[in-house]
Amino acid sequence: MYDFQYHRPKSVADAVAALKKAADGKLIAGGQTLLPTLKMRLAQPTDLVDLSGVPELRGIKVEGNAVVIGAMAKHAEVSASAEVQKAIPALAMLASEIGDAQVRNMGTLGGSIANSDPAADYPAAIVGLNATIKTNERTIAADDFFKGIFTTALKEGEVIISVSFPVPEKAAYMKFDNPASRFAMVGVFVAKLAGGVRVAVTGAGPSVFRVKAMEEALAKDFSGKAVENIKVPTTGLNSDIHGSAEYRAHLVTVMAKRAADAAK
Amino acid sequence: MSVSVSMKVNGKTATGNVEPRTLLVQFIREHLGLTGTHVGCDTSQCGACVVHVDGKSIKSCTMLALRADGADVSTIEGLAKDGTLHPMQEAFREHHGLQCGFCTPGMVMSAIDLVKRHNYKLDEKTVRHGLEGNLCRCTGYHNIVKAVLAGAEAMQAKGV
Ligand SMILES: Cc1cc2nc3c(=O)[nH]c(=O)nc-3n(C[C@H](O)[C@H](O)[C@H](O)COP(=O)(O)OP(=O)(O)OC[C@H]3O[C@@H](n4cnc5c(N)ncnc54)[C@H](O)[C@@H]3O)c2cc1C
Ligand code: FES
Ligand code: FES
C-alpha cells in the first residue's frame, strides 16, 4: 500500500468536509474491497476517511412499509436482524450468503453498492425490491443507481446514508456462486411488490439488469413454470474463466425459476 | 508519518506508533511480537490471520490497525488460561485437527466465534459452511470439523 492520511470522523458532515479538504480522498467502510485494492496499488488516495465512527450511518429500522438500513450496516447484522428476517427474509438470506463469516463481520451495505462489483449480491436486491438510496445530497431510485461495471450514479464526495427497501408481498434470491470466492456467477432476485413484479440479475452482465419478459410472465402467473422457457440474450453477458456468456444466460433462467418457486 | 494507536490485546493495553497504512496483523505480529496470528495469503482469502475484534472474528490482514483503535482484540495467545488450553484448542489437539498447524490459529479463532454465534448448537453442515473463510492445505478438513463439534460441546460444558 502507498501511504495515506487517515481520518475517523464522527458525523457525515465531518466526513464530507474531510473528503473536500483532501487532495484525493476516499471513503473506507468495511475495507473488504478497498484494502485489497490498495494493497495491489491499484489506487493511491492521499487520505482515507473511515466511516466506522459515524453513528448516523448505522442501524436497521422498519418505517411504514419499508425497511431502512444504514450504509454502515454489516452483512452479518443484516442477516441476523429480526426485523429484516421478518419483513424481507430474502434480503436476510442474501446477506447471509455474502463471502464468508469474517467478510460479513466487516463488509457493509453501503460499501458493497458503492463498489458496484458486477458479481456482488446486494445490487440484485436493490433493483429487485425497487429500493431507494439516500445520500447526503439526494435520493436515488434503484433503476438509476447502477451505471455499469464498478460505476454508479454517485458523484465525487457523495456519501450513501441509508437504503430504503420496500417490503414485498413475496421475494426470493437464488445465487449460483463461484465456489472459491462465493461471489455470484449468476444471482437472480425476484419480488412481487405493490407496484408490480421485478426480476433483477447480478453476476451475468457488467452490472445488475432487469428481465422484462420474466417480469411480465410472473405478473400473470408467479411460478417457476412461467419463466422456465424464457431465455435472456447472450449479447453483452460476461464471459470469463468461470463461465461463458451462454452458460451464464442459461443460469439466469434456472435461477429465476428456482427463485420464483422459492419466493415467500 | 506515524500516529499513535491504542487497544486492548488479550486483556492488556497495547499502544504503539504506526503508519496509517499499517494493517492490524502487522501491528499484532511486528509491533507486539504476537506471531501466533499468521499471514497466509494477505488477500483476504485464507483466514490464517483471523482474530477477534470486539468479540467478532475478522481477517486482520484486511483491517487497518487504526480502525481497531480503542477496540478489544483477542488473538490465539490469549486463549489458554494458566497453562490450560482453551477447550477448542484442546479439541483440535485431541482430534488431530491439524497437521502443519499453519491454518490452526485462524481456524480456532473462527471456530470459537462460530460456536458463540450459534449458541453452542452446531452440526456438521453448519461447521463446514461456517468455516468457509478458513483454508487448510493439509488436513482435508475432516478432523477439523470433528474437533470443532467436540470443542463446541466442551465449551458449553465448561461455560466458556
Ligand atoms: C473473500 C471475499 C469474498 C467476498 N464475497 C462476496 C460475495 O459473495 N458477494 C458480494 O456481494 N460481495 C463479496 N465480497 C465483497 C464484500 O461484500 C465487501 O463488503 C464489499 O465489496 C465492500 O464493502 P466494504 O464495506 O468492505 O467497502 P470498502 O471496501 O470499505 O469500500 C468499497 C468502496 O465503496 C466506497 N464506499 C464505502 N462506503 C460508502 C458510502 N457510505 N458512501 C459512498 N461510498 C462508499 C469506498 O470509497 C470504496 O470505493 C467479498 C469480499 C471478500 C474479501
Ligand atoms: S492472511 Fe488474511 S485472509 Fe489470508
Ligand atoms: S494444518 Fe496445514 S494448513 Fe491446515
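Just so we're clear, the structure is a prediction, and the values are computed from it rather than from any experiment.

Reading the values: rules and limits
Residues numbered from 1 in each chain as written. Chains lettered and ligands numbered in written order. Predicted model: local features only at pLDDT ≥ 70, side-chain atom pairs only at ≥ 80, totals over all residues. Heavy atoms only, no water. Helix = DSSP H or I, 4+ residues; strand = E, 2+ residues; numbered from the N terminus. Rg over C-alpha atoms; globule rule 2.2 N^0.38 Å. Contact = heavy atoms within 4.5 Å. Areas by Shrake-Rupley, 256 points an atom, 1.4 Å probe, with all protein chains shown as cover. Lys, Arg positive; Asp, Glu negative; His and termini not counted. Charge placed at Lys NZ, Arg CZ, Asp CG, Glu CD. Near = heavy atom within 4 Å. Polar contact = N/O pair within 3.5 Å; in protein donor to acceptor, adjacent residues only side chain to side chain. Domains from an automatic or database assignment. Buried < 20%, exposed > 50% of the residue type's maximum accessible area, 1.4 Å probe, protein only. Buried area = accessible area lost by both parts, 1.4 Å probe. Salt bridge = Lys/Arg side-chain N within 4 Å of Asp/Glu carboxyl O. 1 Å grid on protein atoms, 1.4 Å probe; cavity = no way out; pocket = protein on both sides within 12 Å on 5 of 7 lines; lining within 4 Å. Points joined across faces, edges and corners; volume = space filled by probe spheres on them. Nonpolar A, V, L, I, M, F, W, Y, C, P; charged D, E, K, R; others polar. Pairing = 2+ DSSP bridges. Phe/Tyr/Trp six-rings, centres within 6.5 Å; stacked < 30°, edge-to-face > 60°. Lys NZ or Arg CZ within 6 Å of the ring centre and 35° of its normal.

1. A word on the overall build of chain B
Line of reasoning, step 1. The helix and strand inventory of chain B stands at five helices and five strands.
Line of reasoning, step 2. Put simply, chain B runs from its N terminus to its C terminus through helices and strands in the order β-β-α-β-β-β-α-α-α-α.
Line of reasoning, step 3. Computed over the C-alpha atoms, the radius of gyration of chain B is 15 Å, within 12% of the 15 Å expected from 2.2 N^0.38 for a compact globule of 160 residues.
Line of reasoning, step 4. Viewed in the frame of its principal axes, chain B has a C-alpha envelope of about 50 × 30 × 25 Å.
Line of reasoning, step 5. Nonlocal contacts in chain B, meaning residues at least 24 apart in sequence, comprise 57% of its contacts between residues at least 6 apart.
Line of reasoning, step 6. For chain B, the accessible surface area stands at approximately 7,500 Å², while carbon and sulfur atoms represent 49% of it.
Line of reasoning, step 7. When the 17 basic and 15 acidic side-chain charges of chain B are each reduced to a single mean position, those positions are 2 Å apart.

2. Some points on the site of ligand 1
Residues and elements named next belong to chain A.
Line of reasoning, step 1. Neighbouring ligand 1 are 32 residues; Leu27, Thr33, Leu34, Thr108 and Arg182 lie closest to it.
Line of reasoning, step 2. In this structure, a nitrogen atom belonging to ligand 1 sits 2.8 Å away from a side-chain N or O atom of aspartate 121.
Line of reasoning, step 3. Isoleucine 160 has a polar backbone atom sitting 2.9 Å from a nitrogen atom of ligand 1.
Line of reasoning, step 4. For ligand 1, whose unbound accessible area comes to 970 Å², protein coverage reaches 94%.
Line of reasoning, step 5. Here the shell around ligand 1 spans two domains, and each of domain 1 (5-53) and domain 2 (58-262) adds at least three residues to it.

3. Examining the environment of Arg258(A)
Line of reasoning, step 1. Looking at the secondary structure, you find Arg258(A) in helix α12 (residues 245-262).
Line of reasoning, step 2. Judged by its relative accessible area of 47%, Arg258(A) falls in the partly exposed class.

4. Remarks on the domain arrangement of chain A
How big an interface is tends to be expressed through the accessible area that disappears when the partners come together.
Residue and element names in this part refer to chain A.
Line of reasoning, step 1. Each domain of chain A was delimited in the assignment, giving domain 1 (5-53) and domain 2 (58-262).
Line of reasoning, step 2. Its C-alpha centre places domain 1 at a distance of 26 Å from the equivalent point of domain 2.
Line of reasoning, step 3. Each partner contributes residues to the interface: domain 1 has 10 residues there, and domain 2 has 13 residues.
Line of reasoning, step 4. Between domain 1 and domain 2, roughly 900 Å² of surface is buried when both sides are summed, and carbon and sulfur atoms account for 74% of that area.
Line of reasoning, step 5. For the pair domain 1 and domain 2, the number of links is zero salt bridges.
Line of reasoning, step 6. The element best represented in the side of domain 1 that touches domain 2 is helix α1 (residues 12-21), accounting for three residues.

5. Observations regarding the layout of surface pockets
Line of reasoning, step 1. The space that makes up the second largest pocket amounts to roughly 870 Å³.
Line of reasoning, step 2. Along the wall of the second largest pocket there are 32 residues; nearest its centre are Ala76(A), Ala101(A), Arg104(A), Asn105(A) and Arg117(B).
Line of reasoning, step 3. Every element with two or more residues in the lining of the second largest pocket is listed here: α3 (75-80) and α6 (101-104) of chain A together with β4 (56-59), α3 (104-117) and α4 (124-130) of chain B.
Line of reasoning, step 4. Considering only residue class, the lining of the second largest pocket consists of 10 nonpolar, nine polar and 13 charged.

6. A few points about the environment of Cys138(B)
Residue and element names in this part refer to chain B.
Line of reasoning, step 1. Position of cysteine 138 among the secondary structure elements: in the loop between α4 and α5 (142-158).
Line of reasoning, step 2. The class of cysteine 138 is partly exposed, set by a relative accessible area of 32%.
Line of reasoning, step 3. Between the C-alpha atoms of cysteine 138 and glycine 101, which are 37 residues apart in sequence, the distance is 8.7 Å.
Line of reasoning, step 4. Non-local contacts of cysteine 138, meaning those with residues more than four positions away in its chain, are made with Gln99 and Cys100.

7. Examining the interface of chain A and chain B
Line of reasoning, step 1. In this complex, chain A contributes 28 residues to the contact, which on the side of chain B involves 26 residues.
Line of reasoning, step 2. Between chain A and chain B we count four salt bridges in total.
Line of reasoning, step 3. When the shortest N-O distance is used, the salt bridge between Lys39(A) and Asp42(B) registers 2.7 Å.
Line of reasoning, step 4. In this structure, the connection of chain A to chain B is made through 13 residue pairs in polar contact (both at pLDDT 80 or more).
Line of reasoning, step 5. Contributions of two or more residues to the side of chain A that touches chain B are made by β1 (5-7), α2 (34-39), β3 (47-50) and α6 of chain A.

8. Topic: the pairing of strand β1 (residues 3-9) of chain B
Residue and element names in this part refer to chain B.
Line of reasoning, step 1. For β1 and strand β2 (residues 12-18), the ladder comprises seven bridges, and the chain directions are antiparallel. Bridge pairing in β2 places methionine 7 opposite alanine 14.
Line of reasoning, step 2. Between β1 and β2, which pair antiparallel one after the other, the connecting turn spans two residues, and asparagine 10 there sits at a positive phi close to 50 degrees.
Line of reasoning, step 3. Summarising the sheet, β1 and strand β5 (residues 72-74) pair through two bridges and their orientation is parallel. Opposite lysine 8, over in β5, you have aspartate 72 as the bridge partner.

9. Things to note about the packing of aromatic side chains
Two measures describe an aromatic ring pair: the distance that separates the ring centres and the angle between the ring planes.
All names here are of chain A.
Line of reasoning, step 1. Throughout the structure, instances matching the rule amount to three aromatic pairs over all chains.
Line of reasoning, step 2. Geometrically, the ring pair formed by phenylalanine 145 and phenylalanine 146 is edge-to-face, given 4.9 Å between the ring centres and 85 degrees between the ring planes. With respect to class, phenylalanine 145 is no different from phenylalanine 146; both count as buried.
Line of reasoning, step 3. One residue, arginine 41, lies across the ring of tyrosine 2, its end atom 4.2 Å from the ring centre.

10. Regarding empty space enclosed by the protein
Residues and elements named next belong to chain A.
Line of reasoning, step 1. Counted by the stated rule, this structure contains two cavities of 30 Å³ or more.
Line of reasoning, step 2. By volume, the largest cavity is sized at about 50 Å³.
Line of reasoning, step 3. For the lining of the largest cavity, the residue count by class is seven nonpolar, three polar and two charged.
Line of reasoning, step 4. There is about 30 Å³ of room inside the second largest cavity.
Line of reasoning, step 5. Lining the second largest cavity we find Ser116, Asp117, Pro118, Pro123, Phe146, Thr202, Pro206, Ser207 and Val208.
Line of reasoning, step 6. Of the residues in the lining of the second largest cavity, the class split is five nonpolar, three polar and one charged.

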